[in-house]
Amino acid sequence: MERKISRIHLTSEPNIAHFLQVSWEKTLESGFVITLTDGHSAWTGTVSESEISQEADDMAMEKGKYVDELRKALVSGAGPADVYTFNFSKESCYFFFEKNLKDVSFRLGSFNLEKVENPAEVIRELICYCLDTIAENEAKNEHLQKENERLLRDWNDVQGRFEKCVNAKEALETDLYKRFILVLNEKKTKIRSLHNKLLNTAQEQEKDIKQEGETTICSEMTADRDPVYDESTDEENENQPDPSGSASAAVSKDDSIISSLDVIDIAPSRKRRQRMQKNLGTEPKMAPQEHQFQEKEKKLEN
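A short tour of the structure in this document, coming up. Values in this document were obtained by computation on a predicted structure and should not be read as measured data.

**Topic: the sheet that holds strand 8 (residues 114–115)**
With antiparallel pairing, the 5 strands of this open sheet are ordered in space as 1-2-3-4-8. The sheet terminates laterally at strand 1 (2–9) and strand 8, the two strands that pair on one side only. Pairing of strand 4 (residues 42–48) with strand 8 involves 2 bridges; the strand directions are antiparallel. Across the sheet, residue T44 finds its bridge partner in strand 8, namely E114. Against the sheet, helix 1 (residues 49–58) contacts strand 3 (31–37) and strand 4, and its axis sits at roughly 80 degrees relative to strand 4. Of the strands in this sheet, strand 1, strand 2 (17–24) and strand 3 touch helix 2 (residues 63–76), which is tilted by about 125 degrees from strand 2.

Encoded structure:
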């Protein structure tokens, strides 16, 4: 059985504290037992479910809402103390309570009680219940205190682990950042080295292209100068035989050629070197004078 004990002040005797006990088996809606005492006398009564329904009909309220109002007034003690007022007539044993709404008040419920023949037993029961409730609450408080201490230790432990994790995380981040900086610097060095290498390669290629261009220009200039050296000089033109000349001049030249033991090439040495380079690997060409000398010898032998 559940019960609830509260201290109330009656409107007829505001200076005397009265104690009100409400007990029920299942729910407050199914009925309850009410007990009132001033410490000397005691009164009790039973409220059935039908009486609760009748009161709700008289108040023109739904039964569930009316039961909630009963719980607030008799059990919960919700709201300010002047919201619900209680009154009791010892002569008629009539107990009723009202609810105040601003300037308006209405009767919320009323019950007929009976005087208890042995009030000491009721008061003793109320005191025992209060002491048992206090002991139970103290035990609950002690258990809750121990639970709070355990939770506080766990919290401190978790906080310590959390701080260690934070420190480890910061250390790991610092280490990773340092490694990242090292890798980044290495990558920058490699990129810079590769860039310099590519730049040097490009410069070397440009230099080689420039040298090849200069070599080509020099070869073209040399090729342009070669025909000049292939032409005969003025001295060679003077020593060459004149095809339109007289026979006596030819004979005198032939005699001079025969009389001379050595044939001197009056062409410049540079011209001879140039001819030797061009005619390397081929048969040397005979000079016109030597060809005439051979023809002259053939005529004399005949």
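**Examining the pairing of strand 3**
For strand 3, the tally of buried residues reaches 6 of 7 residues, placing the bulk of the element in the interior. In textbook terms, the turn of a hairpin is the stretch between consecutive antiparallel strands, and for strand 2 and strand 3 this stretch comprises 6 residues. Relative to strand 4, strand 3 is paired through 7 bridges, and the arrangement is antiparallel. Opposite I34, over in strand 4, you have G45 as the bridge partner. In sequence, strand 3 turns back onto strand 4 through a hairpin of 4 residues, with G39 there showing a positive phi of about 95 degrees.

**Details of the nonpolar core**
Grouped together as the largest cluster of nonpolar side chains are 29 residues, with contacts concentrated most on V22, F32, L74, F95 and F97. Broken down by secondary-structure element, the contributors of at least two residues to this core are strand 2, strand 3, strand 4, helix 1, helix 2, strand 5 (84–89), strand 6 (94–101) and strand 7 (104–112). For this core, the leading source of residues is helix 2, giving 6 residues. If sequence neighbours within four positions are ignored, V22 has contacts with E2, R3, K4, L28, F32, V33, I34, L74 and V75. Core analysis: the next-biggest nonpolar cluster, separate from the first, contains 5 residues, I5, A42, V116 and V122 among them.

**A few points about the side chain of H18**
Counting through the fold element by element, H18 comes out in strand 2. Here the side chain of H18 touches I16 through a polar contact of 3.2 Å, landing on its backbone oxygen. Setting aside chain neighbours within four positions, we find H18 in contact with S6, R7, I8, L10, E13, L36, T37 and D38.

**As for the packing of aromatic side chains**
Scanning the entire structure with this criterion turns up 7 aromatic pairs. Seen in terms of ring centroids, F32 and F111 are 5.9 Å apart; in terms of plane orientation they differ by 85 degrees. Their pairing is edge-to-face. Of the two residues, F32 sits in strand 3 while F111 sits in strand 7, which places them 79 residues apart along the sequence. We classify F32 as buried; its relative accessible area is 2%. What makes F111 buried here is its relative accessible area of 7%. Summarising the aromatic geometry, the rings of F95 and F97 are spaced 6.3 Å apart at their centres and angled 45 degrees between planes, so their arrangement reads as tilted. Note on accessibility: F95 and F97 belong to one class, buried. Here a set of aromatic residues connected by ring pairs shows up, and it is made of F32, F86, F95, F97 and F111. A cation sits over an aromatic face here: R3 above Y129, 4.8 Å from the ring centre. Sitting above the plane of the F96 ring, R107 keeps its charged end 4.2 Å from the centroid.

**What about the pattern of salt bridges?**
Tallying each qualifying case throughout the model produces 15 salt bridges. For E125, the salt bridge goes to R3, with nearest N and O atoms at 3.5 Å. With E125 in helix 3 (residues 119–230) and R3 in strand 1, the pair connects residues that are 122 residues apart, well separated along the chain. Among the residues examined, E125 registers a relative accessible area of 39% and is labelled partly exposed. Residue classification places R3 among the partly exposed residues on the basis of a relative accessible area of 21%.

**Concerning the side chain of D38**
Within the element layout of this structure, D38 appears in the loop between strand 3 and strand 4. Here H40 takes part through its backbone nitrogen, which lies 3.0 Å from a polar atom of the side chain of D38. From its side chain, D38 meets the backbone nitrogen of S41 in a polar contact 2.8 Å long. With residues near it in sequence (within four places) discarded, D38 still touches A17, H18, W43 and K90.

Here is what the cut-offs are and how they apply
- Residues numbered from 1 in each chain as written.
- Predicted model: local features only at pLDDT ≥ 70, side-chain atom pairs only at ≥ 80, totals over all residues.
- Heavy atoms only, no water.
- Pairing = 2+ DSSP bridges.
- Helix = DSSP H or I, 4+ residues; strand = E, 2+ residues; numbered from the N terminus.
- Contact = heavy atoms within 4.5 Å.
- Axes fitted to C-alpha atoms, helices over the stretch in contact; angles between N-to-C directions.
- Buried < 20%, exposed > 50% of the residue type's maximum accessible area, 1.4 Å probe, protein only.
- Core = buried A, V, L, I, M, F, W, Y, C linked by side-chain atoms within 4.5 Å.
- Polar contact = N/O pair within 3.5 Å; in protein donor to acceptor, adjacent residues only side chain to side chain.
- Phe/Tyr/Trp six-rings, centres within 6.5 Å; stacked < 30°, edge-to-face > 60°.
- Lys NZ or Arg CZ within 6 Å of the ring centre and 35° of its normal.
- Salt bridge = Lys/Arg side-chain N within 4 Å of Asp/Glu carboxyl O.

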